[in-house]
Amino acid sequence: MTHRDIALLLAEAADEAEIGIAPTQAVLRGGRRRRARRWAVATATALVIAGSSGALAVAGLPGGDGGGSREVAVAPSVSADLLKPRSTALAVGRDEGKNWSVMLELWAPPQNEKEARAQLAAMEEFGMRPDGVERASELIGRTTYFVGRAVEGAYGEIEQGALGDKSAESGSARAVPLEPDTDGPARLVVGRLAKWDAAVMCMWQNGTSTNLREDRPGSNGSAITSVEGSPADWFVCLAPKGTSYKSVGYSLPALPPGAQG
């Protein structure tokens, strides 16, 4: 066989070859599809609970496995609690005839390298990988979170990250359009507040505001939620139609009469 024959064979093989996506990306893509199905079930459950009882159940909701999520092979000594997120509905509401919800998924903090590696592999099976995490060891001692919203079957991520004790001591807020993949006004605000904060005020561009207190849910899904396993509390505000996010303020609980700070 001549060099020319070999070159022709290689060229034909190259024409017939199809370059696939990287294995990790393929796992993440499949996990995201299963995750969307879990969110659909959890959102429907939250809406039914809120509609029947008048209050939103904030415990972990039954999200299911999305119809076929795969088991992750891990060492027997790794706790199953580290390998599956706890899903919580932070808020549900209805806007312009469409049901919406905000979901939080928490991963418990691994305590060593082996647990962290197993958890990172499990996250990828669920279609998740925290931004900026290059090594599994970066998850040790940190609670990883993923926050997203669903509007009538459309799903979109809002924020993700990992919390240690110190990073949960200050507030943080992020504003996005209510509907995923749109360029609408940033009406939906989701954020964290320190455990000792008692109230949040979401201020809007039109000069109005929404005041949330820890012990009193707001209207149309606005609420402060304390989530089991989270080192911080969470809040959700939705701006009225026609305006958008401006800023957020936090306040400590009022001292009783005669008490000193």
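Residues numbered from 1 in each chain as written. Predicted model: local features only at pLDDT ≥ 70, side-chain atom pairs only at ≥ 80, totals over all residues. Heavy atoms only, no water.

A look at the overall build of the chain
Point 1. Of the regular secondary structure elements, the chain holds three helices and 11 strands.
Point 2. A total of 261 residues make up the chain; the buried ones form 41% of that total.
Point 3. Taking the contacts inside the chain whose residues are at least 6 apart along the sequence as the reference set, 64% of them involve residues at least 24 apart.
Point 4. Taken as a whole, the chain presents about 13900 Å² of accessible surface, with 52% of it coming from carbon and sulfur. (Helix = DSSP H or I, 4+ residues; strand = E, 2+ residues; numbered from the N terminus. Buried < 20%, exposed > 50% of the residue type's maximum accessible area, 1.4 Å probe, protein only. Contact = heavy atoms within 4.5 Å. Areas by Shrake-Rupley, 256 points an atom, 1.4 Å probe, with all protein chains shown as cover.)

Some words on the pattern of salt bridges
Point 1. Applying the stated rule across the entire model yields nine salt bridges.
Point 2. The residue Lys 98 makes a salt bridge to Glu 179 at a minimum N-O spacing of 2.9 Å. Of this pair, Lys 98 sits in strand β2 (residues 98-107) while Glu 179 sits in the loop between β5 (172-176) and β6 (188-193), and the two are 81 residues apart along the sequence.
Point 3. Judged by relative accessible area, which is 31%, Glu 179 ranks as partly exposed.
Point 4. A salt bridge links Arg 192 to Glu 159; the nearest nitrogen and oxygen atoms lie 3.6 Å apart. A residue pair is termed long-range when its members are at least 10 positions apart, and Arg 192 in strand β6 and Glu 159 in strand β4 (residues 154-163) qualify at 33 residues. With respect to burial, Arg 192 and Glu 159 carry one shared label: buried. (Salt bridge = Lys/Arg side-chain N within 4 Å of Asp/Glu carboxyl O.)

Observations concerning the state of the cysteines
Point 1. Within this structure, the stated rule accounts for one disulfide.
Point 2. Across the disulfide from Cys 202 sits Cys 237; the S-S distance is 2.2 Å. Between Cys 202 and Cys 237 the sulfur-sulfur dihedral comes to about 75°; the bridge is accordingly right-handed. Here Cys 202, found in strand β7 (residues 199-204), pairs with Cys 237, found in strand β10 (residues 233-238); they are 35 residues apart in sequence, far enough to count as distant. Of the two residues, Cys 202 and Cys 237, both sit in the buried class. (Disulfide = S-S within 2.5 Å.)

Observations concerning the packing of aromatic side chains
Point 1. In total, this model carries three aromatic pairs according to the counting rule given.
Point 2. Considering the side-chain rings of Phe 235 and Tyr 250, the 6.1 Å spacing of their centres and the 75° angle between planes classify their relative orientation as edge-to-face. Placement of Phe 235 in strand β10 and of Tyr 250 in strand β11 (residues 245-251) is noted, with a sequence separation of 15 residues between them.
Point 3. Phe 235 sits in the buried class, given a relative accessible area of 0%. (Phe/Tyr/Trp six-rings, centres within 6.5 Å; stacked < 30°, edge-to-face > 60°.)

Brief notes about the sheet that holds strand β8 (residues 209-213)
Point 1. Ordered by their spatial adjacency, three strands build an open sheet running β8-β7-β11, and the pairing between neighbours is antiparallel. Each end of this open sheet is capped by a strand with a single partner; those strands are β8 and β11. Averaged over all neighbouring strand pairs, the angle between strand axes comes to 15°, with direction disregarded. (Pairing = 2+ DSSP bridges. Axes fitted to C-alpha atoms, helices over the stretch in contact; angles between N-to-C directions.)

Topic: the environment of Ala 108
Point 1. With respect to the secondary-structure elements, Ala 108 resides in the loop between β2 and α3 (113-125).
Point 2. Taking the relative accessible area as the measure of exposure, Ala 108 reaches 31% and is therefore partly exposed.
Point 3. In this structure, the C-alpha to C-alpha distance between Ala 108 and Leu 82, residues 26 residues apart in sequence, is 5.5 Å.
Point 4. Filtering out sequence-adjacent residues up to four positions away, Ala 108 remains in contact with Asp 81, Leu 82, Gln 119 and Arg 142.

Examining the nonpolar core
Point 1. Formed by 19 residues in total, the largest nonpolar core has its most connected members in Trp 100, Val 102, Leu 104, Val 147, Leu 188, Trp 234 and Val 236.
Point 2. Elements supplying a minimum of two residues to this core: β1 (86-95), β2, β3 (143-151), β4, β6 and β10.
Point 3. No other element matches β2, which puts four residues into this core.
Point 4. Once residues lying within four places of it in the same chain are set aside, the contact partners of Val 236 are Leu 90, Ala 91, Trp 100, Val 102, Leu 188, Val 189, Val 190, Leu 212, Gly 221, Ser 222 and Ala 223. (Core = buried A, V, L, I, M, F, W, Y, C linked by side-chain atoms within 4.5 Å.)

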